[in-house]
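# Structural overview for review
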Amino acid sequence: MTTARWNGTVIAESDDTIVVEGNHYFPPDGVNMALFEASDSHTRCPWKGEASYKSIVVDGKRNPDAAWYYPEPLPAAAEIKGRFAFWKGVTVE
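Residues numbered from 1 in each chain as written. Predicted model: local features only at pLDDT ≥ 70, side-chain atom pairs only at ≥ 80, totals over all residues. Heavy atoms only, no water.

This paragraph deals with the pattern of salt bridges. Summed over all chains, the structure comprises 5 salt bridges. Of the charged contacts, one joins arginine 5 and glutamate 93 as a salt bridge, the two residues approaching to 3.6 Å between their closest N and O atoms. Highlighted residues: arginine 5 in strand 1 (residues 2–6) and glutamate 93 in the segment after strand 9 (91–92), separated in sequence by 88 residues. Judged by its relative accessible area of 33%, arginine 5 falls in the partly exposed class. Residue lysine 81 pairs with glutamate 72 through a salt bridge whose shortest N-O separation is 3.5 Å. (Salt bridge = Lys/Arg side-chain N within 4 Å of Asp/Glu carboxyl O. Helix = DSSP H or I, 4+ residues; strand = E, 2+ residues; numbered from the N terminus. Buried < 20%, exposed > 50% of the residue type's maximum accessible area, 1.4 Å probe, protein only.)

With that settled, consider the pairing of strand 5 (residues 36–45). Pairing of strand 5 with strand 6 (residues 49–58) involves 7 bridges; the strand directions are antiparallel. If you follow histidine 42 over to strand 6, its bridge partner there is serine 52. Two successive antiparallel strands, strand 5 and strand 6, enclose a turn made up of 3 residues. (Pairing = 2+ DSSP bridges.)

Turning to the packing of aromatic side chains, a few remarks are in order. The final tally for this structure, using the stated rule, is 6 aromatic pairs. A ring pair is formed by tyrosine 69 and phenylalanine 84, whose centres lie 4.8 Å apart and whose planes are at 40°; its orientation type is tilted. In this pair, tyrosine 69 sits in strand 7 (residues 61–69) while phenylalanine 84 sits in strand 8 (residues 84–86), placing the two residues 15 residues apart along the sequence. Judged by its relative accessible area of 17%, tyrosine 69 is buried. In textbook terms, an aromatic cluster arises when at least three aromatic residues are bridged by ring pairs, as seen for Phe26, Phe36, Tyr69, Phe84 and Phe86. (Phe/Tyr/Trp six-rings, centres within 6.5 Å; stacked < 30°, edge-to-face > 60°.)

Here it is in structure tokens:
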């Protein structure tokens, strides 16, 4: 089971992650969406496409844009469509 934690709280857990470029992409049903807020941020990867972001909120503390996902990835990254990956102090074990 792979677990993502931030601020001591489990934010995602699954035995069905996909690792791409060293990042675990969690399926949506393994992510505690109650801990996430919408973000207007986007970045572009040349082979994965446009990434969208969410901020994590735990115990009143906010970690802006610490989760990203590809709602409509390019064909080369189709397997991670809608899955979430993390950074900015989120530990994944």
